[in-house]
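Now for the letters of each chain:
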Amino acid sequence: MVGGSRLAAIPVLFVLALAGCSESDSGTDGAILNPPAYTEQEIAEAALLSSKDGISYVSPGGCQVAVILDSPQEVQLYADAGDTVVTNPSGTVGLKIVGGPPGCLEAMAQNLKALE
């Protein structure tokens, strides 16, 4: 009967997992309770990024950016995944860097200091 008790626990765990998937960042009226401190556009402007296709970005110095990260959670997610991430000093915004010349990371970090 031990196997039966394990199977009975599966639906309970599934329900608990679903309960954790609620929209915790929005209020009852759909408003976002914790909006990003800066928009992607503001981050791109601070980093001096331009984009020809609206998907990838490049700095004047040739730093290639694949993703603009507008929350501490996104910064942490990409950093934990092993991506090269440059952030502002507080780590609230960042950029996923995918290429560029030497000194690129330092230049991007310097630009993001404006977003404190």
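Placed above this text is the structure.
Quick caveat, the model's predicted, so the values are computed rather than measured.

Caption draft 1: Focus on the side chain of D70. Residue placement: D70 occurs in the loop between β2 (64-69) and α3 (72-80). In this structure, D70 is buried with no salt-bridge partner, the nearest side chain bearing the opposite charge being K96 at 15 Å. Here D70 is in contact with P36, Y38, E40, I43, T92 and V93, once residues within four sequence places are set aside.

Caption draft 2: How the structure looks around the sheet that holds β2. Taken in spatial order, the 4 strands line up as β1-β2-β4-β3 in an open sheet, and their pairing is antiparallel. At either end of the open sheet lies a strand with only one pairing partner, and these are β1 (57-58) and β3 (85-87). Lying over the sheet, helix α4 (residues 104-112) contacts β3 and β4 (94-99), oriented at roughly 160° with respect to β4.

Caption draft 3: Up close: the environment of S50. By secondary structure assignment, the location of S50 is in the loop between α2 (40-46) and β1. Taking the C-alpha atoms as reference points, S50 and Q64, separated by 14 residues in sequence, lie 10.0 Å from one another. Among all residues touching S50, those that are not within four sequence positions of it are S56, Y57 and V58.

What counts, and where the lines are drawn
- Residues numbered from 1 in each chain as written.
- Predicted model: local features only at pLDDT ≥ 70, side-chain atom pairs only at ≥ 80, totals over all residues.
- Heavy atoms only, no water.
- Helix = DSSP H or I, 4+ residues; strand = E, 2+ residues; numbered from the N terminus.
- Buried < 20%, exposed > 50% of the residue type's maximum accessible area, 1.4 Å probe, protein only.
- Lys, Arg positive; Asp, Glu negative; His and termini not counted.
- Salt bridge = Lys/Arg side-chain N within 4 Å of Asp/Glu carboxyl O.
- Contact = heavy atoms within 4.5 Å.
- Pairing = 2+ DSSP bridges.
- Axes fitted to C-alpha atoms, helices over the stretch in contact; angles between N-to-C directions.

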